[in-house]
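Report on the structure
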Amino acid sequence: QNLRVNNVIDGEDNTLEKRLPRIKQIIDKYDADINCFQECSLEWKPYTDEIFSPSEYTCVFMKTNVGHCNPIYVKNSRFNVIDSGSFELSSADTDTTYNENRVASWIIVEDKLSSKSLMTVNGHLPLTSGVQIEACNRIISEVKSKSVDGYLICGDFNFTSKSNTVAYDIMTSNGTKDMEAAADVEGTLGVSGGTFHNYGKLDTPNRIDFFFGSDSLTSNMHTVVIDTFDGLYPSDHYGIVNYVSIR
């Protein structure tokens, strides 16, 4: 879920304080074992840390040069943490719009029920196509370097499958697949399609948020979370829920 930084241009109904209860309701509704967020700013982080208390969740994150992070919160009752870390996807000098370096965080856990290992990567990619391609190569290189039973890659990729076909192909080849498309074959596909809607201003939202996963995973259920609250949105992006199992 891209949380969207607090920005006055979004209007009075979309301040962080107004949207926080909406985000909290979605978190409570789905009660995921692993929760990943993008655009978690210095303002957002204390709230997410309060929701996912350290006694119940393990958190891994890395701040960008402007203080944003992409935290992963893992439920301690379900997983043993094996390893974790973060890495840079692109440098600030490649971002002519925001002058921000882009980062990803990762965590490897052991499922207490199956004893299988899962790596989760969460990132927020830059806007430039060429730099996106480099970032995707870096992500794939990172997951392929780990000895795990399965891996899951999620985040705001800032491209669609058609706007950057090279980057999308990197993320859906050599043993990696689009978990939405996989759910349509392997499990249950709920709401599909676009995720970035700009607070409902786009007639057709852009699908720039993804779950990708290793072929060793079964995508049991995938849905875009289109919940609104009295016509108001939790963020300018819809979230995604993906239930997986390791074969």
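Our structure is the block above this text.
Here's a quick rundown of the structure. Sequence order as written defines residue numbering, which begins from 1 separately in each chain. Two thresholds apply to this predicted model, a pLDDT of at least 70 for residue-level local features and 80 or more for giving and counting side-chain atom pairs, whereas whole-chain, interface and lining totals are computed over all residues. Working from all heavy atoms in the structure, the side-chain values ignore hydrogens and water.

A separate point is the sheet that holds strand β10 (residues 209-214). When DSSP finds two or more bridges between a pair of strands, those strands are recorded as paired. Going along the chain from the N terminus, every DSSP run of H or I of four or more residues is numbered as a helix, and every run of E of two or more is numbered as a strand. A sheet is described by the order of its strands in space; here 6 strands give the open sequence β4-β5-β6-β7-β10-β8, paired in mixed fashion. Each edge of the open sheet carries a strand with a single partner, namely β4 (79-90) and β8 (176-178). Across the sheet, the axes of successive neighbouring strands diverge by a mean angle of 20°, strand direction being ignored. One ladder, built from 10 bridges, connects β4 with strand β5 (residues 102-111); its direction is antiparallel. From the neighbouring strand, Val 81 faces β5, where its bridge partner is Val 109. Each of β4, β5, β6 (117-124), β7 (150-156) and β8 touches helix α3 (residues 129-144); the most contacted strand, β4, lies at about 155° to it. Lines fitted to C-alpha atoms define the axes, with helix axes restricted to the stretch in contact, and inter-axis angles between N-to-C directions lie between 0 and 180 degrees. Contact between two residues is taken to exist if any of their heavy atoms lie within 4.5 Å; hydrogens are not considered.

With that out of the way, let us pick up α3. Between its terminal C-alpha atoms α3 stretches 23 Å, which fits the 22 Å expected from 16 residues at 1.5 Å a residue. Relative accessibility thresholds used throughout: buried, under 20% of the residue-type maximum; exposed, over 50%; partly exposed, between the two (1.4 Å probe, protein chains only). Considered for burial, the residues of α3 that qualify are Val 131, Gln 132, Ala 135, Cys 136, Ile 139, Ile 140, Glu 142 and Val 143. Buried residues belonging to α3 abut β4, β5, β6, β7, α4 (165-171) and β8. Given the number of residues in a helix, its expected span is that number minus one, multiplied by 1.5 Å.

Before going further, it helps to examine the packing of aromatic side chains. Two aromatic rings, drawn from Phe, Tyr or Trp (for Trp, its six-membered ring), form a pair once their centres lie within 6.5 Å of each other, and the interplanar angle then sorts them: stacked below 30 degrees, edge-to-face above 60, tilted otherwise. Using the criterion set out here, one finds 12 aromatic pairs in the structure. Considering the side-chain rings of Phe 159 and Phe 210, the 6.1 Å spacing of their centres and the 35° angle between planes classify their relative orientation as tilted. With a gap of 51 residues between them, Phe 159 in the loop between β7 and α4 and Phe 210 in strand β10 connect regions that are remote in the sequence. For Phe 159, a relative accessible area of 1% translates into the label buried.

Now for helix α1 (residues 16-30). For α1, with 15 residues, the first-to-last C-alpha span of 21 Å sits near the 21 Å given by 1.5 Å per residue. Buried within α1 are the following residues: Leu 16, Arg 19, Leu 20, Arg 22, Ile 23, Ile 26, Ile 27 and Tyr 30. If you follow the buried residues of α1, they end up packed against α2 (45-51), β11 (217-225) and β12 (239-246). Following α1 by one or two positions, Asp 31 adopts a phi angle in the positive range, close to 45°.

Bringing the environment of Ile 140 into the picture now. Among the structural elements, Ile 140 can be located in helix α3. In the structure, Ile 140 is positioned 30 residues away from Ile 170 in sequence and 7.9 Å away in space, judged by C-alpha atoms.

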